[in-house]
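Structural overview
Listed below, chain by chain, are the residues.
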Amino acid sequence: MRKKFKSVILLLSIVTNNLFANDANLILAKNKNCMTCHKIDKKYIGPPFNAISARYLNKEENVIYLMQKIKKGSQGSWGAIPMPAQTNITKEESKELAIWILKFSQKKLNNY
Ligand code: HEC
């Protein structure tokens, strides 16, 4: 009984840790209006974040590439609709979001 209780607590803390870690980035993405055009796993006005993550490997040059795309906007990579430049975002925020987006397909593999 005691053992079971302990493992439930352990499981809960793992789950909530993950939730909170991702929540901070999700809140940032919402505050910066990304989620008005993007969804995590479905196409909306823009491509889903997990499809972007599946296209680009999670390495530094792609973080830099996506940071620039986020700040300056994007055209022709995914279809006819362009993404406008995001002017309300700092370099650090664009980096945080690029890293967050690039991890989605990996998280899926890890049963995120
Ligand atoms: C007005 C709608 C809109 C908003 C707001 C928006 N996006 Fe986009 N986003 C798009 C569209 C449309 C595309 C596809 C553009 C293309 O085909 O090149 C895109 C593409 C992207 C890409 C992929 C670029 C590539 O070269 O593959 C990333 C990464 C991205 N958006 C992140 C973000 C982030 C982060 C935010 C918030 C700071 C954001 N977007 C806000 C519509 C939007």
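A count of helical and extended segments in the chain gives 5 helices and 0 strands. When the helices and strands of the chain are placed in sequence order, the string is α-α-α-α-α. Looking at the chain residue by residue over its 112 residues, the buried ones come to 18%. Long-range pairs, those at least 24 residues apart, make up 60% of the contacts in the chain between residues at least 6 apart in sequence.

Let us now look at the nonpolar core. Leu66, Ile70, Leu97, Ala98 and Ile101 are the most contacted members of the largest nonpolar core, which has 14 residues in total. Counting only elements with at least two residues in this core, the list comes to helix 2 (49–55), helix 3 (60–72) and helix 4 (91–102). When residues of this core are assigned to their parent elements, the largest contribution, 5 residues, is made by helix 4.

Below, the discussion takes up the environment of Ile40. When you line up the elements, Ile40 lands in the loop between helix 1 (2–31) and helix 2. The exposure class assigned to Ile40 is partly exposed, which follows from the 17 C-beta atoms found within 10 Å. Ile40 has contacts with Pro48, Phe49, Asn50 and Phe104, leaving out every residue within four places of it along the chain.

This part covers the site of the ligand. By nearness alone, 27 residues border the ligand, and Cys34, Cys37, Gly46, Ser77 and Met83 come closest of all. Among the secondary structure elements, those contributing two or more residues to the shell around the ligand are helix 3 and helix 4. Top contributing element to the shell around the ligand by residue count: helix 3, with 3 residues. Looking at the shell around the ligand, its residues break down into 15 nonpolar, 10 polar and 2 charged.

This part takes up the environment of Pro84. Note that Pro84 resides in the loop between helix 3 and helix 4. Residues Pro84 and Gly73, 11 residues apart in the sequence, show an inter-C-alpha distance of 4.7 Å.

This brings us to helix 3. Under the 1.5 Å per step criterion, the end-to-end length of helix 3 is 18 Å for 13 residues, consistent within 8% with the ideal 18 Å. Where helix 3 is buried, its residues contact helix 4.

Calculation rules
- Residues numbered from 1 in each chain as written.
- Predicted model: local features only at pLDDT ≥ 70, side-chain atom pairs only at ≥ 80, totals over all residues.
- Helix = DSSP H or I, 4+ residues; strand = E, 2+ residues; numbered from the N terminus.
- Buried ≥ 20, exposed ≤ 12 C-beta atoms within 10 Å, placed from the backbone.
- Contact = placed C-beta atoms within 7 Å.
- Core = buried A, V, L, I, M, F, W, Y, C linked by C-beta atoms within 7 Å.
- Near = placed C-beta within 6 Å.
- Nonpolar A, V, L, I, M, F, W, Y, C, P; charged D, E, K, R; others polar.
- Expected span 1.5 Å × (residues − 1).

Such coordinate-based values are descriptive only and should not be taken to indicate function.
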